Amino acid sequence: MYRVFAMCLEAGIAAIILIPAFWVLNRYCFRNSRRAVWYLLMSLYLAAVDAVVGLPSLMYIRFDQNINLVPFAYMFSDYRNSLLNVLLFVPLGFFLPVLWKRFRSFLWTVLFGLGFSLSIELLQLFTFRATDINDLITNTVGTILGWCLGRLFGKLFPSIRPSWKTWELAIVFGLTFTVMFLVQPFLAEVVWQLIRR
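Rules behind the numbers
Residues numbered from 1 in each chain as written. Predicted model: local features only at pLDDT ≥ 70, side-chain atom pairs only at ≥ 80, totals over all residues. Heavy atoms only, no water. Core = buried A, V, L, I, M, F, W, Y, C linked by side-chain atoms within 4.5 Å. Buried < 20%, exposed > 50% of the residue type's maximum accessible area, 1.4 Å probe, protein only. Helix = DSSP H or I, 4+ residues; strand = E, 2+ residues; numbered from the N terminus. Contact = heavy atoms within 4.5 Å. Axes fitted to C-alpha atoms, helices over the stretch in contact; angles between N-to-C directions. Parallel < 35°, antiparallel > 145°, perpendicular 65-115°, else oblique. Left-handed = near helix turned anticlockwise from the far one by under 90°. Nonpolar A, V, L, I, M, F, W, Y, C, P; charged D, E, K, R; others polar. Expected span 1.5 Å × (residues − 1). Bend = angle between axes of the 7 residues up to and from the residue.

**Student:** Looking at this structure, I do not really get the nonpolar core. What am I missing?
**Tutor:** As a rule of thumb, nonpolar side chains are buried together in soluble globular proteins. Grouped together as the largest cluster of nonpolar side chains are 39 residues, with contacts concentrated most on M42 and F116. Counting residues per element, the ones that place at least two in this core are α1 (2-30), α2 (33-53), α3 (79-99), α4 (106-123) and α6 (167-196). The greatest single-element share of this core, amounting to 12 residues, is contributed by α2. Not counting residues within four places of it along the chain, the set of residues in contact with F116 comprises L46, V49, F89, L92, F173 and F177. Formed by 5 residues, the second largest nonpolar core is a distinct cluster that contains A6, L9, I13 and W192.

Given below as structure tokens:
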């Protein structure tokens, strides 16, 4: 329960910065309020992922070599963690085909999910977290499940049309992780200090 509270708090702190940022982006860049809301939701999801997986930030970077390269080692004995890793990436697989036409392609979505998961695992070399091939496997499975849900959602709600502008994806990711790396950790530290008093 504490982990869920911490994730919500960390993402909520990021939202304080991201909500006005997406309002400005919509006004000058996206020019589509509905799409901007979807992008904001994806950004808040990415902020929550960052909070859960413990990516490095300006306040915390430390090289820590804790690596597992043996596939399926401890995956089934620690099935809860494996299931959580699957669930963590379902929204990514969902958002991609719903928001961008390129990711209606199963292959593009799987490659993106695999690449994103690999990026997280490599960045975790600079945190206290383990870099684990099993996370790569389970995250990719989650992306696939999310893609299936996203494609079904697109058929049920054809009025939501994905964009051809894949560069908008780079804006969503770039802004979110810039905020989470540079600004959010300092605000989070202040909030955690107040909570602990």
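Once the structure has been displayed, the description carries forward.
**Student:** For this particular structure, what's the right way to read the packing of α2 against α6?
**Tutor:** Axis angle and axis distance: for two packed helices, these are the angle between their axes and the distance between the axes, and together they describe the pair. Closest axis-to-axis distance for the α2/α6 pair is 9 Å, and the angle between their directions is 40°. Comparing the axis directions of α2 and α6 gives the class oblique. For α2 against α6, the interelement crossing comes out right-handed. Residues R35, Y39, M42, S43, L46, A47, D50 and A51 of α2 form the contact with α6, whose own contacting residues are E168, L169, V172, F173, T176, F177 and M180. Looking at the contact of α2 with α6 residue by residue, the class counts come to 10 nonpolar, 2 polar and 3 charged.

**Student:** Quick question: what am I supposed to make of unusual backbone geometry here?
**Tutor:** Note: most peptide bonds trans; most residues except glycine with negative phi. A positive phi angle, close to 55°, is found at R31, a residue other than glycine. Counting through the fold element by element, R31 comes out in the loop between α1 and α2. R31 sits in the exposed class, given a relative accessible area of 63%.

**Student:** Looking at this model, I keep getting lost on α1. Mind explaining?
**Tutor:** Residue pairs three or four apart in sequence face the same way in an α-helix, which turns once every 3.6 residues. Taking 1.5 Å per residue as the helical rise, α1 with its 29 residues ought to reach 42 Å, whereas the 36 Å between its terminal C-alpha atoms falls clearly short. Along its length, α1 reaches its greatest deviation from straightness, about 35°, at A15.

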